[in-house]
Amino acid sequence: MTAVPNPAQAITQRVASVTLNQITRSGDFCFRAGGTDPAHKADLASTLRNTGRALDPVLLWQPNADKPETLVLLDGEHRVAAYQAAKWLGEIPALILVGVDRRAALGAALKANSKRTLGLTQAERMDAAWRFVREPVTPRFKVREIAFLADVSERAVKYMRSRFRTMHEEKIEITGSWARDRKTMAESDDWAGGLDEAERRAEIERLAADIRDLVDRRKHPERAILCESEAVYEAIQVALGEQAMKAMLAYLLGGDDDEADEWLAMAATSYDAEDLDDDSDAAF
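Our subject in this report is the structure included herewith. Since the structure is predicted, the reported quantities are computational estimates derived from the model, not experimental observations.

Definitions and cut-offs
- Residues numbered from 1 in each chain as written.
- Predicted model: local features only at pLDDT ≥ 70, side-chain atom pairs only at ≥ 80, totals over all residues.
- Heavy atoms only, no water.
- Helix = DSSP H or I, 4+ residues; strand = E, 2+ residues; numbered from the N terminus.
- Buried < 20%, exposed > 50% of the residue type's maximum accessible area, 1.4 Å probe, protein only.
- Polar contact = N/O pair within 3.5 Å; in protein donor to acceptor, adjacent residues only side chain to side chain.
- Contact = heavy atoms within 4.5 Å.
- Salt bridge = Lys/Arg side-chain N within 4 Å of Asp/Glu carboxyl O.

Regarding the side chain of Arg 103
Move 1: Looking at where Arg 103 falls in the secondary structure, it is placed in helix H3 (residues 102-113).
Move 2: With a relative accessible area of 13%, Arg 103 lands in the buried category.
Move 3: Among the polar contacts made by the side chain of Arg 103, one reaches the main-chain carbonyl oxygen of Arg 140 at a distance of 3.3 Å.
Move 4: Apart from residues no more than four positions distant in its own chain, Arg 103 is found in contact with Val 137, Thr 138, Pro 139, Arg 140, Phe 141, Lys 142 and Glu 145.

This is the structure we're talking about:
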């Protein structure tokens with residue numbers, strides 16, 4: 001397969017030191033649904049106070065060469081918040097994108113935020129890809145470009161494009177949440193019991209905490225089976241059932257039922273196999 005070129009490779013960056021009041025925030029370049037993570041911000045602020053050294057450079061964009069003082073934050077929201085919490089008075093290191101348009105700045109911002117170290121969640125990356133499918137820029141973002149920037153599958157992006165066409169043709173209102181927009185009207189009637197997006201995210205976090213607690217072998221040392229990751233995966237599959245697993249995989253893969261079937265078939269083959277060699281689970 002031909003490698004996808006990194007759109008940021010052609011972007012000109014310059015290293016600089018800037019003050020906090022030079023940095024402008026814009027919702028156009030925010031892809032994190034819950035805003036800053038308080039614990040991570042506190043950890044960074046503590047590092048600043050203890051070491052007195054600046055953090056890694058933030059990523060900024062200079063949209064207008066005639067106004068070099070205007071700098072838009074693309075990546076580094078937690079670092080900026082930590083500097084403010086620590087009452088940092090000096091300049092901070094930055095990489096500034098110059099001579100590029102809004103399209104390139106959007107791509108650079110999403111790719112920087114999609115990295116896996118405190119990166120975007122799966123839902124946030126899917127929402128970002130969904131947004132890029134609808135983004136009215138010229139030239140239009142290509143399928144492989146969106147998949148690369150958001151770190152999602154190309155199949156997911158293709159499905160999003162198809163869904164966008166359908167919603168446009170049928171004049172269906174777009175909410176911006178892929179989890180909601182990917183559903184048909186019939187499927188959306190019971191949307192999270194009427195919760196708004198913030199309430200829904202909070203409930204999801206609580207449910208995730210319950211699941212983590214349930215499978216935490218440190219909290220349940222009596223369950224020796226928890227030491228075997230594959231057994232936990234199999235238990236989840238048994239608990240949810242095939243239809244729920246298929247729906248979950250379709251959601252994670254962008255709504256592609258065929259690919260969900262392929263993954264379920266692979267899982268069934270793996271669990272039914274009796275004579276696996278030591279390297280058999282490397283495929284997972």
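Quick look at helix H2 (residues 77-85)
Move 1: The set of residues buried in H2 consists of His 78, Arg 79, Val 80, Ala 81, Ala 82 and Tyr 83.
Move 2: Next to the buried residues of H2 lie strand E2 (23-24), helix H1 (38-51), strand E3 (58-61), strand E4 (71-75) and strand E5 (92-98).
Move 3: A positive phi of about 55° marks Lys 87, the residue just after H2.

Looking at the pattern of salt bridges
Move 1: Tallied over the full model, the rule gives 10 salt bridges.
Move 2: Measuring nitrogen to oxygen at the nearest pair gives 3.3 Å for the salt bridge that ties Arg 218 to Asp 216.
Move 3: Residue classification places Arg 218 among the exposed positions, given a relative accessible area of 73%.
Move 4: For Asp 216, a relative accessible area of 15% corresponds to the buried category.
Move 5: A network of salt bridges, in which partner residues are shared, links Asp 28, Arg 102, Arg 131 and Glu 135.

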